[in-house]
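A closer look at the structure
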Amino acid sequence: RPKSVVAVMLPRGPLAALGLLACHWLGATPCYIDPVYPLSRRKVMLEACTASGCLVSDTADQREVNGNLAVIRVPALQEEVDSLVPPGLEEPKATPNDAAFIAFTSGSTGRPKLVVVSHRSTCARLKANDLLFGQLDEPDKFAHCYSFNYDGGLVCLFWPITRGVTIEFIELSVLGDPNALTKV
């Protein structure tokens, strides 16, 4: 449903990116919840974001998803999304002030806190990236090396996608290993 929150609990990578973008296309606000986080943290995050639905992998345990959420498994994603699209919906209904995504603070001072980021703020950040780092062009490739739970990780997903640039998802485990990075 437009304006609703959908938790995206898929492993970081192309399928999670697809899930986040599908939420936007439907007019929903995505909230990425990293499936590698401990179960207790994921449950707190799901409760805090008040999601009405959750995208999960086909191997996710149903018990990991709270309450009465509509659970959509990735292999059925296209079929499920097609069934959720109201007849006549041709473009997203989001406005600049609507939520573009929901992220969480690190939780270092206790419970993670919810952070709602608007489309206007996200677009301003993308334009700032263009000014600070230069325009991305089609032949470029973008090395994505952030968690989607970090707002910068989501912005670094939207920036190359909106510029038509290929994204290479770098495994987070290789970031501290210079030898492994040279092989990417």
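Above: the structure in question.
Structure report, in brief. Since the structure is predicted, the reported quantities are computational estimates derived from the model, not experimental observations. (Residues numbered from 1 in each chain as written. Predicted model: local features only at pLDDT ≥ 70, side-chain atom pairs only at ≥ 80, totals over all residues. Heavy atoms only, no water.)

Description of the overall build of the chain
Scanning the chain from terminus to terminus reveals six helices and eight strands. Counting from the amino terminus, the chain carries its helices and strands in the arrangement β-α-β-α-β-β-α-β-β-α-β-α-β-α. Per-residue burial for the chain yields a buried fraction of 43% across its 184 residues. The long-range share in the chain, meaning contacts at least 24 apart out of those at least 6 apart in sequence, stands at 57%. A total accessible area of about 10,300 Å² is found for the chain, and carbon and sulfur atoms account for 56% of it. (Helix = DSSP H or I, 4+ residues; strand = E, 2+ residues; numbered from the N terminus. Buried < 20%, exposed > 50% of the residue type's maximum accessible area, 1.4 Å probe, protein only. Contact = heavy atoms within 4.5 Å. Areas by Shrake-Rupley, 256 points an atom, 1.4 Å probe, with all protein chains shown as cover.)

Considering the packing of helix 1 (residues 14–25) against helix 5 (residues 151–162)
Relative orientation of the contacting elements helix 1 and helix 5 amounts to 80°, with a least axis distance of 11 Å. What the angle tells us is that helix 1 and helix 5 run roughly perpendicular. Between helix 1 and helix 5, the contacting residues are Ala-17, Leu-20, Leu-21 and His-24 on the first element and Leu-154, Leu-157, Phe-158 and Ile-161 on the second. In terms of residue class, the contact of helix 1 with helix 5 is built from seven nonpolar, one polar and no charged. (Axes fitted to C-alpha atoms, helices over the stretch in contact; angles between N-to-C directions. Parallel < 35°, antiparallel > 145°, perpendicular 65-115°, else oblique. Nonpolar A, V, L, I, M, F, W, Y, C, P; charged D, E, K, R; others polar.)

Quick word on the pairing of strand 2 (residues 29–32)
Where burial is concerned, the two faces of strand 2 agree: the one with Thr-29 and Cys-31 and the one with Pro-30 and Tyr-32 are both buried. Pairing analysis gives four bridges linking strand 1 (residues 5–9) to strand 2, with the strands arranged parallel. Across the sheet, residue Ala-7 finds its bridge partner in strand 2, namely Cys-31. At this point the chain moves from strand 1, through helix 1, to the parallel strand 2, and the crossover so formed is right-handed. (Pairing = 2+ DSSP bridges. Right-handed = clockwise from strand over helix to strand, strands pointing away.)

Examining the nonpolar core
Core analysis: the largest hydrophobic core is formed by 28 residues, its most contacted members being Val-8, Leu-20, Leu-55, Phe-101, Phe-148 and Leu-157. Where this core is concerned, the elements lending two or more residues are strand 1, helix 1, strand 5 (99–104), helix 5 and strand 8 (166–169). Of all the elements, helix 5 adds the most residues to this core, at six residues. Among the nonpolar cores identified, the runner-up in size contains 14 residues, and Cys-31, Cys-49, Leu-69 and Ile-102 belong to it. (Core = buried A, V, L, I, M, F, W, Y, C linked by side-chain atoms within 4.5 Å.)

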